[in-house]
Amino acid sequence: MDTPDFKVRTRAKLADRTMHAVLWLVALTFVGVLLVFVGAILKQGWPELNLHFLTSMPKTLDAGGGIAPELLNSLYLVAISLILALPIGVGAGIYMAEYAGQGRALRFFRLCVETLAATPSIVLALFGMILFVQMMGWSFSIRSGAFTLALLNVPVITRVTEESLRAVPRELIEASYGLGATKLQTILKVALPYAATGILTGVVLTAGRAFGESAILVFTAGTNTSDKFPDFRLSVPGETLSVHLWYVTSDGTLPDASQIAAGTAAVMILVLLVLNLLVRLLDRAIRRRTR
Amino acid sequence: MLNPQIPETKPVKLAVRGMNFWYGEKKILHDLSMDIHAERATAIIGPSGCGKSTFLKCFNRIHEVSSQVRVTGDMLMDGVDINRGGIDQVDLRRRVGMVFQKPNPFPRSIYENVAFGPRLFGVRDRATLDDLVEDALRKAALWDEVKDRLKDSATGMSGGQQQRLCIARALAVHPEVLLMDEPCSALDPIATSKIEELIFELKDSLTIVIVTHNMQQAARVSDYTAFFWLGKMVEMDLTERIFTTPRERMTEDYITGRFG
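Residues numbered from 1 in each chain as written. Chains lettered and ligands numbered in written order. Predicted model: local features only at pLDDT ≥ 70, side-chain atom pairs only at ≥ 80, totals over all residues. Heavy atoms only, no water.

So, unusual backbone geometry
In this model, A:F229 is joined to A:P230 through a cis peptide bond whose omega is -5°. Here A:P230 lies in the loop between α9 (215-220) and α10 (241-251). With a phi close to 55°, B:E39 is a non-glycine residue in the positive phi region. Looking at where B:E39 falls in the secondary structure, it is placed in the loop between β2 (26-37) and β3 (41-45). For B:E39, a relative accessible area of 30% puts it in the partly exposed group. With a phi angle near 50°, B:L230 is a residue other than glycine that sits in the positive phi range. (Helix = DSSP H or I, 4+ residues; strand = E, 2+ residues; numbered from the N terminus. Buried < 20%, exposed > 50% of the residue type's maximum accessible area, 1.4 Å probe, protein only.)

Let's talk about the sheet that holds strand β4 (residues 69-77) of chain B
With antiparallel pairing, the four strands of this open sheet are ordered in space as β2-β1-β4-β5 (chain B). Edge positions in the open sheet fall to β2 and β5 (80-81) of chain B, since each of these has one partner strand only. (Pairing = 2+ DSSP bridges.)

Remarks on the interface of chain A and chain B
At the interface, 20 residues of chain A touch 25 residues of chain B. For the chain A and chain B pair, buried surface summed over both sides reaches about 1800 Å², with 64% attributable to carbon and sulfur atoms. The three residues of chain A that bury the most area against chain B are A:E174, A:L179 and A:K189, which together make up 34% of that side's buried surface. Across the contact surface, chain A and chain B share one salt bridge. A:E171 is the salt-bridge partner of B:K102, the closest N and O atoms lying 3.6 Å from each other. (Contact = heavy atoms within 4.5 Å. Buried area = accessible area lost by both parts, 1.4 Å probe. Salt bridge = Lys/Arg side-chain N within 4 Å of Asp/Glu carboxyl O.)

Some points on the packing of helix α3 (residues 110-120) of chain B against helix α6 (residues 159-171) of chain B
All names here are of chain B. Here α3 crosses α6 at 35°, and the two axes come no closer than 7 Å. Across from I110, N113 and V114 in α3, the residues of α6 making contact are L165, A168 and R169. Here the contact of α3 with α6 is built from residues that sort into four nonpolar, one polar and one charged. (Axes fitted to C-alpha atoms, helices over the stretch in contact; angles between N-to-C directions. Nonpolar A, V, L, I, M, F, W, Y, C, P; charged D, E, K, R; others polar.)

Examining α6(B)
Residues and elements named next belong to chain B. Its 13 residues place the ends of α6 18 Å apart at the C-alpha level, agreeing with the 18 Å of an ideal helix rising 1.5 Å per residue. Burial within α6 is extensive, with 12 of its 13 residues counted as buried. Within α6 the residues assigned to the buried category are G160, Q161, Q162, Q163, R164, L165, C166, I167, A168, R169, A170 and L171. (Expected span 1.5 Å × (residues − 1).)

Quick look at the packing of α6(B) against helix α7 (residues 189-202) of chain B
Residues and elements named next belong to chain B. In contact at an axis separation of 9 Å, α6 and α7 are set at 20° when each is read in the N-to-C sense. Taken together, the axes of α6 and α7 are roughly parallel relative to one another. Seen along the crossing, α6 lies across α7 with a hand that is right-handed. Of the residues in α7, those touching α6 at G160, Q163, R164, I167 and L171 are A191, K194, I195, L198 and L202. By residue class, the composition of the contact of α6 with α7 is six nonpolar, two polar and two charged. (Parallel < 35°, antiparallel > 145°, perpendicular 65-115°, else oblique. Left-handed = near helix turned anticlockwise from the far one by under 90°.)

Comments concerning the nonpolar core
Where a protein is soluble and globular, its nonpolar side chains tend to be buried together. One finds B:M19, B:F55 and B:F59 to be the most contacted residues of the largest nonpolar core, which totals 93 residues. By residue number, the principal contributor to this core is helix α8 (residues 183-212) of chain A, which donates 11 residues. Excluding anything up to four places from it in sequence, B:M19 contacts B:L29, B:H30, B:D31, B:L32, B:F55, B:C58, B:V71, B:T72, B:G73, B:D74 and B:M75. Formed by 43 residues, the second largest nonpolar core is a distinct cluster that contains B:A43, B:A115, B:M180 and B:L187. (Core = buried A, V, L, I, M, F, W, Y, C linked by side-chain atoms within 4.5 Å.)

A few points about the state of the cysteines
Using the criterion set out here, one finds zero disulfides over all chains in the structure. The thiol sulfur of B:C166 is not disulfide-bonded, and the nearest other cysteine sulfur, from B:C184, lies at 12 Å. (Disulfide = S-S within 2.5 Å.)

Some thoughts on the sheet that holds strand β6 (residues 96-99) of chain B
All names here are of chain B. The six strands lie next to each other as β6-β7-β8-β3-β9-β10, forming an open sheet whose pairing is mixed. Taken across any chain shown, the strands that pair with only one partner, and hence form the sheet edges, are β6 and β10 (232-238). Here the strands of the sheet are splayed against their neighbours by 15° on average, with no regard to which way each runs. By the bridge criterion, four bridges tie β6 to strand β7 (residues 177-181) in an arrangement that is parallel. Residue pairing across strands places V99 opposite M180, the latter belonging to β7.

This is how it looks when you write it as structure tokens:
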């Protein structure tokens, strides 16, 4: 055999460097767009942010309304929908990763989860309205909203739970079984703790998505709030920040609608930022204990 | 190493008779029979892919966790069949501990790693756990190195320490047999010699079966050696005899490095 010509591959090296630069530019563009976007929202909303805005009730006709119940409802609804979705999502994820095997059952469940995950939120919204608002007779309320929102959360939580569990190193699982652990002990004491940070990250992404969701809540939690504040009853309507944002800009009866909208948007962005930072800290704490 | 002139005094701990093994459809082990004596170290040697690790794992049925396997023939521990109802899998794995090729400590503290096994069996009392942990770490010759940092993460230890921790973890549930699957293959020579010394001490109270591709290691630590080739056992005898006067030509060729 002739020795091939192993000469210095200038072109390959050039391509390597070019690609590096291109990818760096793409990343930079991404950060740039995000900064401009967040900057614009905060710049417009910042003047509106004061204690009065955050702590008073909204007004329907006059200027000077606040967003206190909307802020509370947003957090409250996300919390309840997560409480509803977590046991189902994590349970289904554990089943798929550890018990469903590799055969038909797994494929069937995966199809179900993916279908639910791909369902447009407006379809879930109308489904929720028919089932919870009308048939169950719960009307536009926090619980109608929370149950429908949970439908949005379940498939995401299921998928991250399954993926996080599959990523647990086999050696650790074998170590556990090798000491005489049962399957349940292995899942609870080794697999889930290891998968915890992955599941947590997924839950936060879910929370963020639920926090920003509007279509579902317009049709299930309604566009009003209780007259009382704070009102933790599940049977009262629960307009959230994103619904409020949509409502004030499309309804047009408020003289200061654009200021209210700007302030609301800024609050939403800030809440999401805080949420993500919190998760970083929590993730690091868990990781230190379990990895 | 046992002297061939002195008769064996230890009873048979593990007896294998006419054993065959399949992974799915693929037959891996063919008609194996051997006796493994209590409180002896038995080495299994052979080229890569000869089925020695697979054979080892049959003693605690660990590959049934993730794969479809089938076993025929008899595998007895103290005369009780370990495959067909004689003993529960979970109970079997407590009695037949395992040390893996790559150190695999849990991502927890040193203490929690060793306490993991006892906790599985409901040991909660702190003083009892402390005693079990100390005892296991001493047996694994690790206590003096780690007694002041039991709360530190196990993943921060050196490879050799991690492997001794895994041995301590296995010892903490008081197994009767310890399976070691190439326990030194990821370790440097100093860490390796520490593990070998440990094997020497441990076999006073345990039955040890060790798979190794390092023939010097087999010669150093074991009393009996079995030579595997292509899923069959070519020869098994006292280590002394295998390394001086093997019966089979193939064994001789392998241990002298002429093939393998």
